[in-house]
Amino acid sequence: MENSMADKFQQKIDDDIRIEPRDWMPEAYRKTLIRQISQHAHSEIVGMLPEGNWITRAPNLRRKVALLAKVQDEAGHGLYLYSACETLGVSRDELINQLHTGKAKYSSIFNYPTITWADIGTIGWLVDGAAIMNQVPLCRCSYGPYARAMVKVCKEESFHQRQGFEILLTLSKGTEAQRQMLQDSVNRWWWPSMMMFGPNDADSPHSAQSMAWKIKRFSNDELRQRFVDMCVDQAKILNVTLPDPDLKWNEERGHYDYGPIDWDEFWNVVKGNGPCNRDRIETRVNAYEKGAWVREAASAYAEKQASKKAIQVA
Amino acid sequence: MNDWPLWEVFIRSKAGLHHRHVGSLHASDEAMALENARDVYCRRMEGVSIWIVKSEEIVANNPENSEALFDPAENKIYRHPTFYDLPDNLKHM
Amino acid sequence: MAIHCNPLLHQFILQLADNALVLGHRISEWCGHGPVLEQDIALANIALDHIGQARMYYQLAASFEDGATEDSYPYQRDVRGFRNLLLLEMENKDFGYTLTRSFFYDQFHYLLLEAIIQSDHKALKEIASQAIKEVRYHCRYSSDWMKRLGDGTEESHQRVQKAVDAFYMYTGEFFMPSAADEYMAAEFNINIESIKEKWLENIQAVLQESTLAMPQDTWFQKGGKTGVHTEKLGFLLAELQYIQRAYPNMNW
């Protein structure tokens with residue numbers, strides 16, 4: 001019985017028929033999705049923090065509203081994704097608890113600090129750029145609610161990357177101090193952005209199964225290569241150099257070659273040793289705990305109103 | 001814990017169209033659910049009308065019954081206009 | 001820099017603009033820290049409304065002044081130049097204080113915009129007609145929350161009552177006319193004193209429904225409209241103006 005269900009399931013996947021919440025699915029598929037979608041949702045929520053830093057310090061009102069709207073969008077994306085995850089039978093509270101206790105991971109990139117205004121532009125350009133590379137294929141993911149959430153996310157994400165690039169373009173046309181701020185920021189964010197695609201294919205344990213399930217459509221290295229090829233040209237427009245001496249065009253491959261990634265750093269940041277890991281989680285836990293009395297109040301009020309209504313009806 | 005109830009959100013994107021399911025959210029009461037639906041799902045002029053309903057109140061068919069529910073329609077091809085053979089020179093039908 | 005309108009009109013516009021900016025700035029500090037994701041998003045929307053309104057008023061003010069832009073006022077004046085109400089520069093503290101601050105102000109803001117819409121100043125009427133739609137929503141949002149917190153749990157009731165007691169003394173200033181307010185009343189029929197009664201009535205109704213007590217015997221603070229602020233505004237501006245101060249005269 002189990003076997004024939006599994007075969008039928010895989011057949012649906014192979015025929016590009018979407019899986020919906022109440023359909024039968026293998027437990028491992030459900031678990032993989034919960035892990036990936038919640039990790040994605042957590043990344044959006046934690047990702048609000050490094051950029052949120054600069055909402056109160058944005059250099060003019062136009063930048064301020066754009067940044068606030070952008071960070072708010074990330075809250076929205078987190079919400080769409082938590083909702084998608086909840087269709088798999090896990091509550092948002094449970095997911096948040098996993099984040100707060102360190103059981104669930106989020107994208108390591110957000111454990112790096114935003115120390116200058118240029119970082120806001122660079123996040124838009126490189127980090128959102130890398131995120132879009134990762135996310136666009138997810139719009140065709142086999143799980144319906146995830147795919148639909150990603151369609152909404154990707155639509156909104158393109159404004160993010162453009163607002164980032166515009167910030168950097170303005171800096172590149174500005175004073176010497178601004179150009180230095182820009183180059184310094186790109187130097188700091190380039191390698192962490194490259195790491196966003198995850199380990200090399202050879203070291204990526206879940207990849208093959210995820211590809212078979214069509215949760216994942218392209219390998220880490222494929223996406224990373226696309227990202228490099230895209231950024232090299234865009235860097236020229238900004239008049240910045242990418243901090244990789246090995247970066248050069250490879251005629252034979254039709255792609256840019258790039259230097260080795262420091263996987264030691266990557267795994268350490270994943271493990272919790274990045275510059276901001278502790279701060280980020282502490283901030284999230286704080287917000288949640290400080291909000292407890294508000295959530296309780298609203299629940300209590302709703303209950304009181306409901307019982308008042310019940311009395312009126314009776 | 002103290003999760004607020006889950007609500008499903010339906011948005012009419014413009015007059016003349018159906019309300020369409022767009023996602024869900026948590027809210028403690030109806031008024032909040034409506035306001036949140038606006039704040040979460042209508043930030044870019046996506047809607048002119050909102051419906052919300054508590055997720056637990058939605059009644060859905062069991063997918064295991066799908067065959068009994070939906071497959072019988074497959075062999076009623078006479079319900080479709082292409083079932084009928086008519087001459088090519090017949091216009092406007 | 002020369003101003004091409006009555007300086008009192010100019011000041012009145014800046015009062016409106018500074019109110020919107022300072023409150024929007026404070027509410028924006030919540031972004032990423034809200035009690036629940038949905039409310040984080042709601043607060044950011046409200047902050048965006050306020051900052052958007054601030055921009056419209058600053059642009060109008062700048063149109064009357066040589067060489068000014070919408071950014072000249074928020075980024076280049078010091079504390080004494082700001083004309084916002086003291087209440088709005090108060091810190092967020094917690095969700096209860098934040099919502100109480102908004103509640104007192106939203107109710108006033110709505111009536112003020114109504115008065116502006118009925119006035120004889122065309123440009124202000126245009127801005128107010130757009131803003132009032134947003135503010136109607138703000139009023140509903142903050143008064144709904146006053147009810148949830150006031151009539152929620154014992155803890156929430158106590159917390160929000162404390163906020164009401166602490167902030168009420170900053171509301172008297174709403175209705176104390178500055179020179180600019182007096183000018184606008186005489187010339188354009190925008191009379192802030194006349195909306196006080198309606199405001200009190202509305203506030204009382206919501207507080208009562210929220211099971212909250214109206215503070216008695218209050219000595220009202222004032223000074224915002226003449227630029228005599230609390231200590232809190234300076235810190236807010238230090239953050240707001242940081243880049244412009246560290247790197248003056250550049251495009252961003």
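Anything mentioned here points back to the structure above.
Residues numbered from 1 in each chain as written. Chains lettered and ligands numbered in written order. Predicted model: local features only at pLDDT ≥ 70, side-chain atom pairs only at ≥ 80, totals over all residues. Heavy atoms only, no water.

J.: What exactly am I supposed to notice about the overall build of chain C here?
T.: Within chain C, the secondary structure is distributed over 11 helices and 0 strands. Ordered by position from the N terminus, the helices and strands of chain C form the series α-α-α-α-α-α-α-α-α-α-α. With respect to the three principal axes, the spread of C-alpha positions in chain C is 55 × 40 × 30 Å. Scored against the burial criterion, the 252 residues of chain C give a buried share of 63%. Partitioning the intrachain contacts of chain C with sequence separation of at least 6 by distance along the chain shows that 80% fall at a separation of at least 24. Roughly 9900 Å² of accessible area belongs to chain C as shown, and the carbon and sulfur atoms make up 49% of that amount. If you average the places of the 22 positive and of the 34 negative side-chain charges in chain C, the two averages end up 0 Å apart. (Helix = DSSP H or I, 4+ residues; strand = E, 2+ residues; numbered from the N terminus. Buried < 20%, exposed > 50% of the residue type's maximum accessible area, 1.4 Å probe, protein only. Contact = heavy atoms within 4.5 Å. Areas by Shrake-Rupley, 256 points an atom, 1.4 Å probe, with all protein chains shown as cover. Lys, Arg positive; Asp, Glu negative; His and termini not counted. Charge placed at Lys NZ, Arg CZ, Asp CG, Glu CD.)

J.: Would you mind going over the interface of chain C and chain A with me for this structure?
T.: Put simply, an interface is often sized by how much accessible area is lost when its parts join up. Every contact between the two is made by 47 residues of chain C and, on the other side, 47 residues of chain A. Roughly 4100 Å² is buried in total at the junction of chain C and chain A, and carbon and sulfur atoms are behind 69% of that figure. On the chain C side of the contact with chain A, Leu37(C), Leu48(C) and Trp252(C) bury the most area, a combined 18% of that side's loss. Taken together, chain C and chain A are joined by 3 salt bridges. Salt-bridge contacts for Lys308(A) lead to Asp151(C); the nearest nitrogen and oxygen are separated by 4.0 Å. Inspection of the chain C/chain A interface yields 14 residue pairs in polar contact (both at pLDDT 80 or more). Every element with two or more residues in the side of chain C that touches chain A is listed here: helix H1 (7-28), helix H2 (37-63), helix H3 (72-76), helix H5 (95-117), helix H6 (122-150), helix H7 (154-167), helix H10 (232-240) and helix H11 (242-246) of chain C. Take the side of chain C that touches chain A: its biggest share by element is 11 residues, from H2(C). In terms of residue class, the side of chain C that touches chain A is built from 22 nonpolar, 12 polar and 13 charged. (Buried area = accessible area lost by both parts, 1.4 Å probe. Salt bridge = Lys/Arg side-chain N within 4 Å of Asp/Glu carboxyl O. Polar contact = N/O pair within 3.5 Å; in protein donor to acceptor, adjacent residues only side chain to side chain. Nonpolar A, V, L, I, M, F, W, Y, C, P; charged D, E, K, R; others polar.)

J.: What exactly am I supposed to notice about the interface of chain C and chain B here?
T.: Contact with chain C, which involves 12 residues of that partner, is made by 13 residues of chain B. Of the roughly 1100 Å² buried between chain C and chain B, counting both surfaces, carbon and sulfur atoms make up 49%. When residues of chain C are sorted by the area they lose upon contact with chain B, Glu38(C), Tyr137(C) and Arg148(C) head the list and together hold 48% of the total. Counting across the interface, chain C meets chain B through 2 salt bridges. A salt bridge links Arg140(C) to Glu35(B); its shortest N-O distance comes to 3.5 Å. The interface formed by chain C and chain B includes 7 residue pairs in polar contact (both at pLDDT 80 or more). When contributions to the side of chain C that touches chain B are tallied by element, the ones reaching two or more residues are H2 and H6 of chain C. Ranked by residue count, the leading element in the side of chain C that touches chain B is H6(C), at 6 residues. Its residues placed into classes, the side of chain C that touches chain B shows 6 nonpolar, 2 polar and 4 charged.

J.: Which parts of the structure should I look at to understand the pattern of salt bridges?
T.: Pairing between side chains of opposite charge can happen when the charged atoms of each approach one another. Under the defined criterion, the tally for this structure stands at 36 salt bridges over all chains. Here Arg30(A) makes a salt bridge to Glu27(A), at a shortest N to O gap of 3.7 Å. Of the two residues, Arg30(A) and Glu27(A) are both situated in helix H2 (residues 27-52); the distance of 3 residues between them amounts to about one turn of the helix. A salt bridge links Lys225(C) to Asp181(C); the nearest nitrogen and oxygen atoms lie 2.9 Å apart.

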